[in-house]
Amino acid sequence: MRPLQMVDTKTQYQKIKPEVDAAVLAVMESSMFIGGKVVTEFAENLARYHGSKHCIPCANGTDALQIALMALGLQPGDEIITPSFTYIATVEVAALLNIKPVFVEVDPKTFCIDPEAIEKAITEKTKAIIPVHLYGQAADMEKIMAIAAKHNLPVIEDNAQAIGCDFTFRDGSVKKTGSIGHIGCTSFYPSKNLGAFGDGGAMFTNDDELAAALRMIASHGQSKRYYHDVVGCNSRLDAIQAAILDIKLTHLDEYIAARRKAADFYDRAFADNKFITVPFRDGNNKHVFHQYTLILNDIDRDALNQFLTDNGVPNMIYYPVPAHKQKMFDAFGGSSFELPLTDWLTERVISLPIHTELDEEQQGFIVSKVLEFVNT
Ligand SMILES: *Cc1c(COP(=O)(O)O)cnc(C)c1O
């Protein structure tokens, strides 16, 4: 059996190595390392794939979220509404700008922000809503956009885990997550569904003014070279990463199909097991399985984690501490939030290896070890 890993970026690279190596060498020969045609072309191709008018590349997904808040003009003391059940980057950027995160519950079925909880948390200080498409599954963007429109609030989608996910609206129209809100943010961290060979990120919008603001802030607040209109930052996607990503973008739909196939295998293997709840899927949302995350019922998760690790089965807890309980947010009253569903999930989730290179022998072994533990 090939060795098990949470993600296998090495085998994935081997399959496209000649193409990728040639593209990287071409950038080195050109010595256009920052900016230039390679970056612009990748941004155009990704915007087209995504169905967004503008794609503004940047240095990583965390920067994308921070620049989005800055472009929307949020000020210290403003509030954003966001789930606590997420990766820290979603909310850390708010704290960094002295914006208060107001944490709300997720729907325990989808792991994504609960639209009703958003509406209840809106105050006159609320200046944006940040849903997270966690593990590759879309939040209910139809309801979220309706609430946002009613209260005249912008929506920033954290699409770091869900690039390529299709969300279907009730009228049958389909849009990619990250292209629905006012700004979409994504990450090209190597293990993400569209992963670079280093760091990278991007922002998406259909609004020309916002696009100009995002671009300006990502580039030292410059409207033209050496004329700095606003305080910005330095956040760029380098040309080598763009060249690699442009090739991987042509494979993204295959990569998603491979992840979904692996998820189907697990789903079948765990169906009807009373100790395991497999990821929820519904028709209006094409889960792209950045993670394959189970909810354990009446199982000692730490013991399972240890057993799997001892048996060579990688597994992870995403995430062991919800954002509102992180020390980082003490100063923002994080611990004053009561989020029992979030706490409940935090204690019960476990993620199994899922990536584009898993084979059935590997998955069969993973499944047998999980079942051996839970059924005995
Ligand atoms: C990975 C990730 C980010 C941050 O992306 P980086 O490129 O690592 O900065 C933000 N939000 C979520 C949900 C993520 O998974």
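This one's a predicted model, so the numbers in the text were calculated from it and none came from an experiment. (Residues numbered from 1 in each chain as written. Predicted model: local features only at pLDDT ≥ 70, side-chain atom pairs only at ≥ 80, totals over all residues. Heavy atoms only, no water.)

1. Points about the overall build of the chain
Let me state the cut-off plainly: Working definition: helices are DSSP H or I runs of at least four residues, strands are E runs of at least two. Numbering for both runs from the N terminus. The atom set for the radius of gyration is the C-alpha atoms, and the globule formula is 2.2 Å times the number of residues raised to the power 0.38. Only protein chains enter the calculation, and the probe is 1.4 Å; a residue is then buried if its accessible area is under 20% of its type maximum, exposed if over 50%, and partly exposed in between. The contact criterion used is simple: two residues touch if any of their non-hydrogen atoms lie within 4.5 Å. Neither His nor the chain termini are counted; the positive set is Lys and Arg, and the negative set is Asp and Glu. Every charge is mapped to an atom, namely NZ of Lys, CZ of Arg, CG of Asp or CD of Glu.
Per the secondary structure count, the chain includes twelve helices and 14 strands. For 376 residues, the compact-globule estimate of 2.2 N^0.38 gives 21 Å, and the chain sits close to it at 21 Å. If you line up the chain on its principal axes, its C-alpha atoms span 65 × 55 × 45 Å. The proportion of buried residues among the 376 residues of the chain is 55%. Residue pairs at least 24 apart in sequence account for 72% of intrachain contacts in the chain once pairs closer than 6 positions are excluded. Side-chain charges of the chain comprise 35 positive and 48 negative groups, with the mean position of each set lying 2 Å from the other.

2. Remarks on the sheet that holds strand E9 (residues 201-205)
Here is the rule we go by: Any two strands between which DSSP finds at least two bridges are classified as paired. Working convention: axes come from line fits to C-alpha atoms, limited for helices to the stretch in contact. Angles between N-to-C directions cover 0 to 180 degrees.
Strand order in the open sheet made by the four strands is E1-E9-E8-E5, with mixed pairing throughout. Of all strands in the sheet, those bounded by a partner on one side alone are strand E1 (54-58) and strand E5 (156-158). The average undirected angle you get between the axes of adjacent strands in this sheet is 20 degrees. In the sheet, E5 pairs with strand E8 (residues 183-187) via three bridges, with the strands oriented parallel. Within E8, the residue paired with Ile-156 across the bridge is Ile-183. Running at roughly 130 degrees to E1, helix H2 (residues 37-50) makes contact with E1 and E9 of the sheet.

3. Side note on the environment of Ala-22
Its place among the elements puts Ala-22 in helix H1 (residues 9-30). C-alpha of Ala-22 to C-alpha of Ile-244: the two residues are 222 residues apart in sequence and 9.7 Å apart in space.

4. Examining the sheet that holds strand E2 (residues 79-83)
Read from one edge to the other, the open sheet built from three strands follows the order E3-E2-E4, with strand pairing classed as parallel. Unpaired on one side and paired on the other, strand E3 (100-104) and strand E4 (126-129) mark the two borders of the sheet. Recorded for the sheet is a direction-independent mean angle of 35 degrees between the axes of neighbouring strands. Judged from the five bridges that link them, E2 and E3 form a sheet pairing that is parallel. Paired with Glu-79 across the two strands is Lys-100, which belongs to E3.

5. A closer look at the pairing of E9
Counting buried residues in E9 gives five out of five residues, a clear majority hidden from the surface. As judged from the five bridges shared by E1 and E9, these two strands associate in the antiparallel manner. Looking at E9, one finds that Ile-56 is bridged to Met-203. The pairing of E8 with E9 spans four bridges and is classified as antiparallel. Residue pairing across strands places Thr-186 opposite Ala-202, the latter belonging to E9.

6. What to know about the domain arrangement of the chain
The following threshold applies: Note that domain bounds follow an automatic or database assignment of domains. Using a 1.4 Å probe, buried area is obtained as the accessible area two parts lose upon being combined, added over both of them. We define a salt bridge as a side-chain nitrogen of Lys or Arg found within 4 Å of a carboxyl oxygen belonging to Asp or Glu. Under the convention adopted here, Pro, Cys and the residues Ala, Val, Leu, Ile, Met, Phe, Trp and Tyr are nonpolar, Asp, Glu, Lys and Arg are charged, and Gly plus all remaining residues are polar.
Domain annotation of the chain identifies domain 1 (9-104 + 111-249) and domain 2 (252-374). A separation of 24 Å is found between the C-alpha centroids of domain 1 and domain 2. Buried surface at the junction of domain 1 and domain 2, summed over both partners, amounts to about 3400 Å²; 61% is from carbon and sulfur atoms. Counting every contact that joins domain 1 to domain 2 gives two salt bridges. With its nearest N and O atoms 2.4 Å apart, the salt bridge here joins Glu-357 to Lys-15. Among the elements of the structure, H1, helix H4 (89-96), E3, strand E6 (166-168) and helix H8 (239-249) are those that each provide at least two residues to the side of domain 1 that touches domain 2. Tallied by class, residues from the side of domain 1 that touches domain 2 come to 22 nonpolar, twelve polar and six charged.

7. Brief notes about the site of the ligand
Inclusion rule: In this text, near means that some heavy atom of the residue lies within 4 Å of the molecule or strand in question. A 3.5 Å cut-off defines polar contacts: any pair of N or O atoms within that distance qualifies, except that in protein one atom must be a possible hydrogen donor and the other a possible acceptor, and neighbouring residues in sequence count only when both atoms are side-chain atoms. Surface exposure here means Shrake-Rupley accessible area, sampled with a 1.4 Å probe, where a residue is shielded only by the protein chains that are shown.
With respect to spatial proximity, 14 residues lie near the ligand, and among them Thr-62, Asp-158, Gln-161, Ser-187 and Lys-192 are the closest. The side chain of Asp-158 places a nitrogen or oxygen atom 2.8 Å from a nitrogen atom of the ligand. Contact distances for the ligand include 2.8 Å between an oxygen atom and a side-chain N or O atom of Gln-161. Compared with its free state, where it exposes 380 Å², the ligand has 92% of that area covered by protein. Among the secondary structure elements, those contributing two or more residues to the shell around the ligand are helix H3 (61-71) and H4. It is H3 that contributes the most residues to the shell around the ligand, three residues altogether.

8. A closer look at the pattern of salt bridges
Enumeration over the complete set of coordinates arrives at 15 salt bridges. With its nearest N and O atoms 3.7 Å apart, the salt bridge here joins Lys-286 to Asp-166. Of this pair, Lys-286 sits in the loop between strand E12 (276-277) and strand E13 (292-296) while Asp-166 sits in strand E6; the two residues are 120 residues apart in sequence, bridging distant segments of the chain. Ionic pairing is found between Arg-348 and Glu-347, a salt bridge with its closest N-O pair at 3.6 Å. Using a relative accessible area of 25% as the deciding quantity, one classes Arg-348 as partly exposed. Several salt bridges converge on common partners, so that one network encompasses Arg-2, Asp-8 and Asp-359.

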